[in-house]
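Listed below, chain by chain, are the residues.
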There are 2 protein chains.
Amino acid sequence: MSGLSGLDWIAADWGTTNLRVWALDAAGRVLARATGGRGMGKLTRADYEPALLDMVGGWLGADRVPVLICGMAGSRQGWAEAPYAAVPCAPLAAGRTVRPAVADGRLDVHLLPGLQQDSPADVMRGEETQIAGLLAGRPGFDGVLCLPGTHSKWVRISAGEVVSFQTAMTGELFALLSGQSVLRHGMAGEGWDEAAFAEGLGQAISRPERLAARLFAIRAEGLLHGLPPEAARSRLSGLLIGAELAGARPYWLGQEVAIVGAEGIGGAYRRALAGQGVEAVLADGEAMVLAGLGAARALMRGH
Amino acid sequence: MSGLSGLDWIAADWGTTNLRVWALDAAGRVLARATGGRGMGKLTRADYEPALLDMVGGWLGADRVPVLICGMAGSRQGWAEAPYAAVPCAPLAAGRTVRPAVADGRLDVHLLPGLQQDSPADVMRGEETQIAGLLAGRPGFDGVLCLPGTHSKWVRISAGEVVSFQTAMTGELFALLSGQSVLRHGMAGEGWDEAAFAEGLGQAISRPERLAARLFAIRAEGLLHGLPPEAARSRLSGLLIGAELAGARPYWLGQEVAIVGAEGIGGAYRRALAGQGVEAVLADGEAMVLAGLGAARALMRGH
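Trainee: Is there a simple way to explain the packing of aromatic side chains in this structure?
Mentor: To describe a pair of aromatic rings, one takes the distance between the centres and the angle between the planes. All names here are of chain A. All told, the structure shown has eight aromatic pairs over all chains when counted by the stated rule. Judged by centre distance (6.0 Å) and plane angle (70°), the ring pair of Trp-14 and Trp-79 falls under edge-to-face. Of the two residues, Trp-14 is situated in strand β1 (residues 9-14) and Trp-79 in the loop between β4 (65-71) and β5 (85-86); the sequence distance between them amounts to 65 residues. Here Trp-79 falls in the buried class, since its relative accessible area comes to 5%. An aromatic cluster is built from Trp-14, Tyr-48 and Trp-79, whose rings are joined through pairwise contacts. For Arg-125, the ring lying beneath its charged end belongs to Tyr-84, and the centroid distance is 4.4 Å.

Here is the structure:
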């Protein structure tokens, strides 16, 4: 068992749907990476160690290697529960990780906790690591982060701490409405119509209370006026992101905003905010999660 | 083949999910009734006649019997398309029904058309018959009808005509969110908590732009504060109905309102409107569809 030369530790982002892993050397350089579909949603507690070994077993030599994991693997239904830390607090802190029992002595597994807010009640798991990644590169950041996704997060940051946050189910609503509601008729699976996106966005930001009626209008316009499937999909996206922005207005209005996400969805949020006079910067979501896991590794070393 | 004694015609409400049929005599009295699960969503064009005969075959004698059908059976994906009539117009009009070809000579099938509104684009199929049923009993009604359901309708009525209408996807959103989203964890399949319903309702009516954030808070309160499953379900219902009411405010504010629906859901809407100072009356949805089909039968006779 020679393993991967120079391997110092392993980083993992273990979400509901996917597992992404990286092999890193002592200087934090990426030696190898892999992505698989064995997310928390498909696993029982006993499946986690074998699933991890399937992905990283080839990297291991004889030595014990730290494996830092963020995301849903640390939830109550995951590998082991890493209890939430309560805001206001730093997104990561030394000594708060949880170590599940493992059979393979080469694995030294640490699950990172998520964050909770008591009132209004809210939770995050995984995003706190992306936040830590952004703060690692910009320690003086004072403003608001937007992390678009299945459950989009809006996060107030000050003095290196998460002050408060708010979740919108935008991505999940989009998936349900475009894939399983009456709107799926006449809705494209891909393709983009920027004008239709902007139209839906503007409608929802200016009149968020009309969202439920605007949604059905997509179907009616398809039946009556032949709304093209790409326009229907883009309009739906615009309506839902617009409704999210309307509800998050106290977060972004007059603030410095950074968006953490992939180019496609992150760019859509950036254009949407620009239309409201907010010039947000965009940070890559995958780079931020890796930087955040690196920050957690540095904290662990210092501890 | 003696059939049902006194049978004059058959009424049918053929929706996406269910088929309901009634046998009536010449005076409009119900001789028999039946309900089955063969809705439009499960049928191809060739299935309609056999599905109908399965339900009403035992009622037929040797004579040809009129069968009046409202609902999705008249849609483009149904038995035959009964093109929409454009508002403003009466909910039913003589000579607008469509007769699909049938193999069994005892069936004289008439599909009732739905209504369309060009701008804002909107459609209904089936509700127009309930509206006609209400107007048959209250020909001078001048005000607004609310028809809660999978796709709730708000309808302005004046001088016996449908003037305008608006659809909200409230029932479908409730089914998707309670059954298939992350909210399904910690959500009861039944049970009711009126205080939680009222709380969600109040939140959504007063701050409809915060809907997306309020939805996720149901999940977070379950995780952090042990929100009971019945309260979660009732809060979700309150939030979605509240959002619908907020979007339909121009319809009900200062108007005479009648709700057409079953006691459970109709009562929830009535209490919600009462909280806004609107005392709505409640008309039973099944009685109204039968009365509307009776009105269509009377029109056909007069024609």
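Trainee: Even after reading the chapter, I still don't get helix α8 (residues 263-274) of chain B, so can you show me in this structure?
Mentor: Since the α-helix advances by 3.6 residues per turn, residues separated by three or four positions end up pointing in the same direction. Helix length check: α8(B), at 12 residues, gives a terminal C-alpha distance of 15 Å against a target of 16 Å (1.5 Å per residue), a fit within 8%. The complete set of buried residues in α8(B) reads Gly266(B), Gly267(B), Ala268(B), Tyr269(B), Ala272(B) and Leu273(B).

Trainee: Please explain the interface of chain B and chain A as it appears in this structure.
Mentor: Many authors give the size of an interface as the accessible area that is lost as the parts come together. Listed per partner, the contact involves 40 residues of chain B and 40 residues of chain A. Counting the surface lost from both chain B and chain A, the interface buries some 3,400 Å², and carbon and sulfur atoms represent 69% of this. Contact with chain A buries surface across chain B, with Met169(B), Phe216(B) and Leu224(B) losing the most and accounting together for 18% of the total. Connecting chain B to chain A are zero salt bridges.

Trainee: It is not clear to me how unusual backbone geometry should be interpreted in this structure. Could you clarify?
Mentor: In most cases, non-glycine residues show a negative phi, while peptide bonds are predominantly trans. Between Val87(B) and the following residue, Pro88(B), the backbone shows a cis peptide bond with an omega angle of 0°. In this fold, Pro88(B) is placed in the loop between β5 (85-86) and β6 (107-111). In this chain, Ser119(B) is followed by Pro120(B) through a cis amide linkage whose omega measures -5°. In this fold, Pro120(B) is placed in the loop between β7 (115-117) and β8 (122-124). Even without being a glycine, Ala159(A) presents a positive backbone phi close to 50°. Note on placement: Ala159(A) falls in the loop between β10 (152-158) and β11 (161-168).

Trainee: It is not clear to me how the relation of the copies chain B and chain A should be interpreted in this structure. Could you clarify?
Mentor: Each of the two chain copies can be brought onto the other by rotation about an axis and movement along it. Least-squares fitting of chain B to chain A yields an RMSD of 0.1 Å, with the superposition described by an axial translation of 0.0 Å and a rotation of 180°. Within this description, the copies of the chain are treated as partners about a two-fold rotation axis. When C-alpha distances to the rotation axis are compared across chain B, the minimum falls at Glu209(B), with a value of 3.0 Å. Both copies contact each other with a shared surface, as 100% of the interface residues of chain B are interface residues in chain A too.

Trainee: For this particular structure, what's the right way to read the sheet that holds strand β3 (residues 30-36) of chain A?
Mentor: Whenever strands of a sheet pair, they do so through backbone hydrogen bonds, lying parallel or antiparallel. Residues and elements named next belong to chain A. If you trace the five strands from one edge of the open sheet to the other, you get β3-β2-β1-β4-β6, paired in mixed fashion. In this open sheet, the two strands that pair with only one neighbour each are β3 and β6 (107-111). Taking each pair of neighbouring strands and ignoring which way they run, the sheet shows an average axis angle of 20°. Looking at chain direction, β1 and strand β2 (residues 19-24) are connected through six bridges and run antiparallel. The residue bridging Trp-14 from the neighbouring strand is Leu-19, located in β2. The strands touched by helix α1 (residues 48-56) are β1, β2, β3, β4 and β6; relative to β2, the strand with the most contacts, the crossing angle is about 55°. Strands β1, β2, β3, β4 and β6 of the sheet are contacted by helix α9 (residues 285-302), whose axis makes an angle of about 130° with β4.

Trainee: Could you clarify how one ought to interpret the environment of Met40(A) in this entry?
Mentor: Residues and elements named next belong to chain A. Relative to the helices and strands, Met-40 resides in the loop between β3 and α1. Between the alpha carbons of Met-40 and Leu-253 there is a distance of 36 Å; along the sequence they are 213 residues apart. Here Met-40 is in contact with Trp-14, Gly-15, Thr-16, Tyr-48, Met-72, Ser-75, Gln-77 and Gly-78, once residues within four sequence places are set aside.

Trainee: Honestly, the sheet that holds strand β12 (residues 257-261) of chain A in this entry has me stumped. Any pointers?
Mentor: Residues and elements named next belong to chain A. As summarised here, the arrangement of the five strands in space is β11-β10-β9-β12-β13, forming an open sheet in which the pairing is mixed. Looking at the sheet topology across the chains shown, the edges are occupied by β11 and β13 (281-284). The mean inter-strand angle of the sheet, taken between neighbouring strand axes irrespective of direction, is 25°. Pairing analysis gives seven bridges linking β10 to β11, with the strands arranged antiparallel. Residue Val-155 lies in a different strand from β11, and its bridge partner there is Phe-165.

Trainee: Would you explain the pairing of β1(A) in this entry?
Mentor: Side-chain positions along a regular strand alternate between the two faces of the sheet. Residue and element names in this part refer to chain A. Among the six residues that make up β1, six are buried, leaving the element largely enclosed by the rest of the structure. Where burial is concerned, the two faces of β1 agree: the one with Trp-9, Ala-11 and Asp-13 and the one with Ile-10, Ala-12 and Trp-14 are both buried. The hairpin formed by β1 and β2 contains four residues between the paired strands.

Trainee: Explain the domain arrangement of chain A here, please?
Mentor: Residue and element names in this part refer to chain A. The domain architecture assigned to chain A consists of domain 1 (1-119) and domain 2 (126-303). Centre-to-centre separation of domain 1 and domain 2, based on C-alpha positions: 26 Å. Residue-level contacts link 32 residues of domain 1 with 25 residues of domain 2. Surface buried jointly by domain 1 and domain 2 totals about 2,300 Å² across both partners, of which 70% is contributed by carbon and sulfur atoms. At the boundary of domain 1 and domain 2, one finds four salt bridges. Asp-8 serves as the salt-bridge partner of Arg-297, at 3.2 Å between the closest nitrogen and oxygen. Linking domain 1 with domain 2 are six residue pairs in polar contact (both at pLDDT 80 or more), by the criterion used here. Looking at the side of domain 1 that touches domain 2, the elements with two or more residues in it are β1, β2, β3, β4 and β7 (115-117). Looking at the side of domain 1 that touches domain 2, the element that brings in the most residues is β4, giving five residues. Class assignment for the residues of the side of domain 1 that touches domain 2 results in 22 nonpolar, six polar and four charged.

Cut-offs applied
- Residues numbered from 1 in each chain as written.
- Chains lettered and ligands numbered in written order.
- Predicted model: local features only at pLDDT ≥ 70, side-chain atom pairs only at ≥ 80, totals over all residues.
- Heavy atoms only, no water.
- Phe/Tyr/Trp six-rings, centres within 6.5 Å; stacked < 30°, edge-to-face > 60°.
- Helix = DSSP H or I, 4+ residues; strand = E, 2+ residues; numbered from the N terminus.
- Buried < 20%, exposed > 50% of the residue type's maximum accessible area, 1.4 Å probe, protein only.
- Lys NZ or Arg CZ within 6 Å of the ring centre and 35° of its normal.
- Expected span 1.5 Å × (residues − 1).
- Contact = heavy atoms within 4.5 Å.
- Buried area = accessible area lost by both parts, 1.4 Å probe.
- Salt bridge = Lys/Arg side-chain N within 4 Å of Asp/Glu carboxyl O.
- Least-squares fit on C-alpha atoms with pLDDT ≥ 70 in both.
- Pairing = 2+ DSSP bridges.
- Axes fitted to C-alpha atoms, helices over the stretch in contact; angles between N-to-C directions.
- Domains from an automatic or database assignment.
- Polar contact = N/O pair within 3.5 Å; in protein donor to acceptor, adjacent residues only side chain to side chain.
- Nonpolar A, V, L, I, M, F, W, Y, C, P; charged D, E, K, R; others polar.

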